[in-house]
Protein chains: 2
Amino acid sequence: MRIKISLIATLLLASGCSSLVIQAPLPQASLIIKNGQIITMNGQKQLIDNGVVVINNDTIIAVGDQTLLSKYQATRIIDAQNGIVMPGMINTHNHLPMIAFRGLGEEGIENRLFAYFFPLESEKLSRELIYQATRLGAIDLAQSGVTTFADMYYHVDEMAKATKEVGLRAVLGETVIKFPVVDAKQPYGGLEYAQKFISDYKNDPLITPAFAPHAAYTVSKQKLQQISALSQQLDVPVLIHVGEFGNESGRINDNPKQLSPVAWLKDIGVLDKRMVLAHAIHVDQADIDLIKQSGAGVAYNPMANAKGATGIAPAWEMYQQQLPMGLGTDGPMSSNQVDLWRTLSYAANMQRLKHNDRTIMIPEQVIELATIGGARALHMDDKIGSLEIGKKADVIIVETQSANMMPNYNPYATLVYQANPSNVSTTIVNGNIVMEQRQMTQVDTADVTHHIRAIEADIAEFAKELAKKAITSPSLMK
Amino acid sequence: MRIKISLIATLLLASGCSSLVIQAPLPQASLIIKNGQIITMNGQKQLIDNGVVVINNDTIIAVGDQTLLSKYQATRIIDAQNGIVMPGMINTHNHLPMIAFRGLGEEGIENRLFAYFFPLESEKLSRELIYQATRLGAIDLAQSGVTTFADMYYHVDEMAKATKEVGLRAVLGETVIKFPVVDAKQPYGGLEYAQKFISDYKNDPLITPAFAPHAAYTVSKQKLQQISALSQQLDVPVLIHVGEFGNESGRINDNPKQLSPVAWLKDIGVLDKRMVLAHAIHVDQADIDLIKQSGAGVAYNPMANAKGATGIAPAWEMYQQQLPMGLGTDGPMSSNQVDLWRTLSYAANMQRLKHNDRTIMIPEQVIELATIGGARALHMDDKIGSLEIGKKADVIIVETQSANMMPNYNPYATLVYQANPSNVSTTIVNGNIVMEQRQMTQVDTADVTHHIRAIEADIAEFAKELAKKAITSPSLMK
């Protein structure tokens, strides 16, 4: 651009023009991405070939064609090399620190919850493990193009620290549950922990603090109502598991009418637009109507739900009825992957199997769920989920040069059915480049690996003891 | 090893030993892989930590612990750096050249077969496209750790040329079908084409030529019997689609008793141990019994079958009854990915959903299907599918240093649920390193990209015309 300005000045001088020409300086941008095939996910789902995204500080200030290149001067220009430029993906349901345990108890264990899950959480969870595991998980997320994740776990202040170190955006819900847990010796101790956390992080640019009452069957009516009132007062989200299992109604205390979990939440007055409902597998049309009326979001976890044999959520119905819905992986002991790439294909394919219809949940709709849909589910669509002026600059570049990305006739189909995490070349969050050419820019990955290897060795040793109490499924004995 | 020998000699001299010590030279190997976590997939499914695989020319000559390092001298040593060393994966069902068309017609098209599939095959298929597309597909396969693929397509001599150029192993079945096709103007012209191809490639070290009668409903009883007799005489496999759709019985000519496709094949005398049955979704226990008795192999394509909404094969039943069964992706217009990584997770998860049991089809069983199971399905388990002395050296190394591969408590679970294609660092076929540190060693990838981009541009233009005749599914109109 400087060259162009000089050229104009030279021409003006050469033409003998003596009048004073005042060249207004071009508006300043911090970062421009050019030569991209842009998936905007704006209201028209506009695609822009050979497009440009202009970012200043944390905000997208322009999205359009190549002519934008002559309208801004930028500190930094990234050439996307005909790669796909799209909104960062949003993982709407996770328990990220459990990445420290992923791969354990996968041998067909009948009593996996008691043999592995509970002993690991009671013996091995600590502030330090949660911090280190979140660092690993956030790197894994960033390297696969997830820029925002929503999580329900413990010691969420450690998670916030780790997430910010890597540079991601997160909605972090402190778990509230009727049992003593790692960060709360008293039942429901998470309630106090959450309030402190919310007060500390309320105005953080990357972290949205939240309450995470575990489920309707593990949190009392009175506590759910208290959380609901506090969430309204503090204006924070409420993350909760709903309809993951078919038998939840019967497990809810104080449910004399045996209402469905969704109907019960509505009945006790807590189902509202601040809620994010994880799973929603075992929900019927009446439940879907209630969710829609409430404005609550839904986190659809198709891969985890298949692996865990918990069922297929009525996601096609919820999508058609325009519920705010995004995709999630669930925790790393459930789906083992924290990125969304495989989940993209499950999001479509599970609905196709269920409805016996190969024409539904097309790639464009799946990418919608992974981006703006996720933002709507988390009630953050004013801020993230699409490449539009005024939105936060959460952007990823997916290269299209690798063998698995060729040909690329339809970028949505290329993303959903061909792409792998390693095709993400660059990840930008809040205007910061957190990964470039597959290299993390902020976090010390060698240090993370060092700590994770120590945790891995310790847990591997502990797991040998756990294996002795594990009961192998009879179906594997044949 | 030279150091060790010198040391012994020095010690012998130093000890004043005057007798003549004859040091037998160490046996020669062409390639040693050390520091691997070895998945052997031998009869005991032995795992060897810090293990060694010794290869000479095209053959595995030793598999064991570190002590092997002092027993062989090798021209080349690869340090697996604690990565997983395993048999190359086997994709038992594909139509690889359709990779040129992948991503087309994914917008929820009701008449996709007529709007896209048929016009593309009739207007755009050529010898040249089949050659170039196979090169691309074989690179994609090699980069994701597939060392052998079985395919049903046309101009298989071009496919053989391309496959050998990349360096992979393949079972290539020339399609025989009652319609005129790209390489046969007359109905069933593929029969003659196949015989020529079989005669040319019968003793090729990498290519196993085969007949590929399309299906029971597209090939006559008489032609199937002729193929069966020829396959016996020439000792080659017969690849066929069976039970992909629920209505195949009614579509078979000359099926007065309305037998199931499997029972009909048995009835006409062609179901034998040379057959490889692709899909086998719509099969019942009686069919499974017939397949088992015949010795035919089964290619289970769980991801393609989900995407195409054709159903979930009774793979858990077939596995438990020990049918020779492997995994396949189906063609790139069906599943869009040719590698097996996502298919690994679908292989387990679809059975878990179907049986409502999260303890079945555990990772070890899935890796079995992807390796020795695939070899059994293709009737090649005397040659490939496991790391054992005497087997052909088809080996891959999967690194365990990336964030998505940590932790690694159980290598089978790490592979099935965490790994991505890019974690494959090295691919060895028949003793040749065809990919090392993600770089192809034999094929000119830039030249392949150049040709594929030209094909892509031409087809993208043609596809604009096709889109005009495409009928969008009514379910997307809501």
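Residues numbered from 1 in each chain as written. Chains lettered and ligands numbered in written order. Predicted model: local features only at pLDDT ≥ 70, side-chain atom pairs only at ≥ 80, totals over all residues. Heavy atoms only, no water.

A. How the structure looks around helix α2 (residues 112-123) of chain A. Residues and elements named next belong to chain A. Counted at 1.5 Å a residue, the expected span for α2 with its 12 residues is 16 Å, and the 16 Å between its end C-alpha atoms agrees. Every buried residue of α2 is accounted for by Arg112, Ala115, Tyr116, Pro119, Leu120 and Glu121. Here the buried face of α2 lies against β9 (146-153) and α15 (445-469). (Helix = DSSP H or I, 4+ residues; strand = E, 2+ residues; numbered from the N terminus. Expected span 1.5 Å × (residues − 1). Buried < 20%, exposed > 50% of the residue type's maximum accessible area, 1.4 Å probe, protein only. Contact = heavy atoms within 4.5 Å.)

B. The arrangement of the UniProt feature "domain: Amidohydrolase-related" (unreviewed entry) in chain A in detail. The UniProt record marks residues 84-434 of chain A with the feature "domain: Amidohydrolase-related" (unreviewed entry), using the residue numbering of this structure. Secondary structure over residues 84-434 of chain A splits into 39% helix and 18% strand, and the C-alpha atoms at its two ends are 18 Å apart. (UniProt positions renumbered as here; feature names shortened; annotations may be inferred.)

C. Structural detail: the environment of A:Leu68. Residue and element names in this part refer to chain A. With respect to the helices, strands and loops of the structure, Leu68 is situated in the loop between β4 (59-64) and β5 (73-74). By relative accessible area, Leu68 is classed as buried at 11%. In this structure, the C-alpha to C-alpha distance between Leu68 and Thr441, residues 373 residues apart in sequence, is 27 Å.

D. Expanded view of the domain arrangement of chain A. Residue and element names in this part refer to chain A. Along its sequence, chain A is carved into domain 1 (2-82) and domain 2 (89-394). Distance from the C-alpha centre of domain 1 to the C-alpha centre of domain 2: 39 Å. Taken together, the 15 residues of domain 1 in the interface contact 15 residues of domain 2. Across the domain 1-domain 2 interface, the total number found is 6 residue pairs in polar contact (both at pLDDT 80 or more). With 5 residues, β4 is the largest single contributor of residues to the side of domain 1 that touches domain 2. Residues belonging to the side of domain 1 that touches domain 2 are distributed by class as follows: 9 nonpolar, 4 polar and 2 charged. (Domains from an automatic or database assignment. Polar contact = N/O pair within 3.5 Å; in protein donor to acceptor, adjacent residues only side chain to side chain. Nonpolar A, V, L, I, M, F, W, Y, C, P; charged D, E, K, R; others polar.)

E. Main features of the packing of helix α3 (residues 127-143) of chain B against helix α15 (residues 445-469) of chain B. Residue and element names in this part refer to chain B. For the pair α3 and α15, the least separation of the axes is 10 Å and the interaxial angle reads 125 degrees. Comparing the axis directions of α3 and α15 gives the class oblique. The two elements α3 and α15 meet at a crossing, and its hand is left-handed. Touching Glu128, Leu129, Gln132, Ala133, Arg135, Leu136 and Ile139 of α3 are Thr445, Asp447, Val448, His451, Ile452, Ile455 and Ile459, all from α15. Considering only residue class, the contact of α3 with α15 consists of 8 nonpolar, 3 polar and 3 charged. (Axes fitted to C-alpha atoms, helices over the stretch in contact; angles between N-to-C directions. Parallel < 35°, antiparallel > 145°, perpendicular 65-115°, else oblique. Left-handed = near helix turned anticlockwise from the far one by under 90°.)

F. Geometry of the relation of the copies chain B and chain A. Of the transformation superimposing chain B on chain A, the axial component is 0.0 Å and the angular component is 180 degrees, with the fit at an RMSD of 0.0 Å. In short, the pair behaves as if placed about a two-fold rotation axis. With an isologous cut-off of 70% or more, the 100% of interface residues of chain B that recur at the interface of chain A puts this contact in the isologous class. (Least-squares fit on C-alpha atoms with pLDDT ≥ 70 in both.)

G. Expanded view of the side chain of B:Thr310. Residues and elements named next belong to chain B. Along the chain, the position of Thr310 falls in the loop between α10 (302-307) and α11 (315-320). For Thr310, a relative accessible area of 15% corresponds to the buried category. Excluding anything up to four places from it in sequence, Thr310 contacts Glu244, Phe245, Ile281, His282 and Asn305.

H. Structural detail: the pattern of salt bridges. In total, this model carries 46 salt bridges over all chains according to the counting rule given. The closest approach of N and O atoms between B:Glu388 and B:Lys391, which form a salt bridge, is 3.9 Å. Exposure remark for B:Glu388: the relative accessible area of 28% places this residue in the partly exposed category. Classification of B:Lys391 by relative accessible area gives buried; the value is 8%. Here B:Lys468 makes a salt bridge to B:Glu465, at a shortest N to O gap of 3.1 Å. With a gap of 3 residues between them, B:Lys468 and B:Glu465 both fall in helix α15, about one helical turn apart. Exposure remark for B:Lys468: the relative accessible area of 63% places this residue in the exposed category. The class of B:Glu465 is partly exposed, set by a relative accessible area of 44%. Where salt bridges share partners, they join A:Lys45, A:Glu364, A:Glu368 and A:Arg376 into one cluster. (Salt bridge = Lys/Arg side-chain N within 4 Å of Asp/Glu carboxyl O.)

I. Examining the environment of A:Val166 more closely. All names here are of chain A. Here Val166 lies in helix α4 (residues 156-166). On a C-alpha basis, the gap between Val166 and Arg251 in space is 39 Å, while along the polypeptide they are 85 residues apart. Ignoring anything within four residues of it in the chain, the contact list for Val166 reads Arg135, Ala138, Ile139, Ala142, Val434, Met440, Gln442 and Val443.

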